[in-house]
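# Results of the structural survey
So you can see what is in the structure, the chains are spelled out below.
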Amino acid sequence: MSLLVKICGLSTPETLETALGAGADMVGFVFFPPSPRHLSLELGRDLGRQVQRRALKVALTVDADDATLDNIMDALSPDIFQLHGKESVARLRDIKHRFGRPVMKAVPVATSADLAVLPGYAAVADRILFDARAPKDATRPGGLGEPFDWHLLENLDLKLPYMVSGGLHADNLAEALRVTRAGGVDVSSGVESAPGLKDPEMIKAFIRAARASKDASQESSVR
Ligand SMILES: O=C(O)c1ccccc1N[C@@H]1O[C@H](COP(=O)(O)O)[C@@H](O)[C@H]1O
């Protein structure tokens, strides 16, 4: 299985083009007003059109209601919903049923106790995204550039694809993959020069490093 690389929080045609040109598998669009990466529906529509099936479009939402998701569906027509709030298992089921799209549930991790939710979500979600648990006073539940202790996933036995995120960048993603054995990586802050400002060179370096880390792990497994 090839490694999935998701570049999240894209908000300009130029940086989206960079991510697509460099071979991102998933491009993430944030619909959460407190985020510095929040998109209007109009911009989401334009950026969504630009993708032209070169990558999967991911709509990131946080405890969004049906009306908000209807609008995002109409504007972006995402391939996947990334649910990054406190959505319940029942809510995931409703969203899947209403929109007919796969859902990726973000699970915040700070201690091993945070993994207790997995059996519930695994019964409904299509993919799990492990992210660092945000501090209680944070203005958003993710996109803070902070990693979690990847060793908490070392003995994970999850019969569902999963990705890892939280404070990843070109220089630490290989180690995150080695420890977690995740099938994908997701980044936002680690390819930015300031919150919400994507840096084309950092995007390219991240994707290059992700591809190289996969090559390296395949080489070591045949030795
Ligand atoms: O990017 C945001 O602003 C954001 C807002 C609300 C929830 C999640 C958000 N981003 C996601 O958080 C993780 C980690 O990001 P980072 O690389 O540490 O900045 C990633 O999955 C983003 O998609």
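Quick note: structure is the one above.
The following paragraphs examine the structure supplied in this document. None of these values were measured; they are calculated from a predicted model. (Residues numbered from 1 in each chain as written. Predicted model: local features only at pLDDT ≥ 70, side-chain atom pairs only at ≥ 80, totals over all residues. Heavy atoms only, no water.)

## Overview of the sheet that holds strand β3 (residues 56-61)
Here is the rule: For two strands to be treated as a pair, DSSP must find at least two bridges joining them. Helix and strand labels come from DSSP, where a helix needs a run of H or I of at least four residues and a strand needs a run of E of at least two; each type is numbered from the N terminus. Fitted lines through C-alpha atoms give the axes, limited to the stretch in contact for helices. The angle between two N-to-C directions lies from 0 to 180 degrees. Here, residues are in contact when the closest pair of their heavy atoms is within 4.5 Å.
Read once around its circumference, the closed barrel built from 8 strands follows the order β1-β2-β3-β4-β5-β6-β7-β8, with strand pairing classed as parallel. Here the average twist between neighbouring strands, direction ignored, is 25°. Bridge analysis of strand β4 (residues 80-83) against strand β5 (residues 103-109) gives 3 bridges, and the strand direction is parallel. For Gln-82, the partnering residue across the bridge sits in β5 and is Met-104. Relative to the sheet, helix α3 (residues 66-76) contacts β2 (26-30), β3 and β4, its axis offset from that of β3 by approximately 155°.

## Considerations on the environment of Arg-45
So the rule is basically this: For every residue, the accessible area obtained with a 1.4 Å probe (protein chains only) is divided by the maximum for its type, and the residue is called buried under 20%, exposed over 50%, and partly exposed between those limits.
Here Arg-45 shows up in helix α2 (residues 41-51). Look at Arg-45 and you get partly exposed, because its relative accessible area is 28%. Sequence spacing of Arg-45 and Asp-74 is 29 residues, and the spatial spacing of their C-alpha atoms is 8.3 Å. The contacts of Arg-45, once residues within four sequence positions are left out, are Asp-74 and Ala-75.

## Some thoughts on the site of the ligand
Convention followed: We call a residue near a molecule or strand as soon as one heavy atom of that residue lies within 4 Å of the molecule or strand. Polar contacts here mean pairs of N or O atoms no more than 3.5 Å apart (in protein, one a potential hydrogen donor and the other a potential acceptor; neighbouring residues in sequence count only if both atoms are side-chain atoms). Areas reported as accessible are Shrake-Rupley estimates using a 1.4 Å probe. Residue values count occlusion only from the protein chains shown. The distinction between a cavity and a pocket rests on a 1 Å grid over the protein atoms alone: a 1.4 Å probe fits inside a cavity but cannot get out, while a pocket stays open yet meets protein on both sides within 12 Å along at least five of seven lines, and a residue with an atom within 4 Å of a point counts as lining. For a molecule to be placed in a cavity or pocket, more than half of its atoms must lie within 2 Å of the grid points of that cavity or pocket. In this count, Pro and Cys sit with the nonpolar residues alongside Ala, Val, Leu, Ile, Met, Phe, Trp and Tyr, while Asp, Glu, Lys and Arg are called charged and the others, Gly among them, polar.
Neighbouring residues of the ligand: 25 residues in total, closest Ser-35, Gly-143, Asp-186, Ser-188 and Ser-189. Separating an oxygen atom of the ligand from a side-chain N or O atom of Arg-37 is a distance of 2.9 Å. A distance of 3.4 Å separates an oxygen atom of the ligand from a polar atom in the side chain of Gln-82. Protein contact buries 100% of the 510 Å² of open area that the ligand shows by itself. One can see that the ligand is located within the largest cavity. Mapped onto the shell around the ligand, the elements with two or more residues apiece are β6 (127-132) and β8 (184-187). Tallied by class, residues from the shell around the ligand come to 8 nonpolar, 11 polar and 6 charged.

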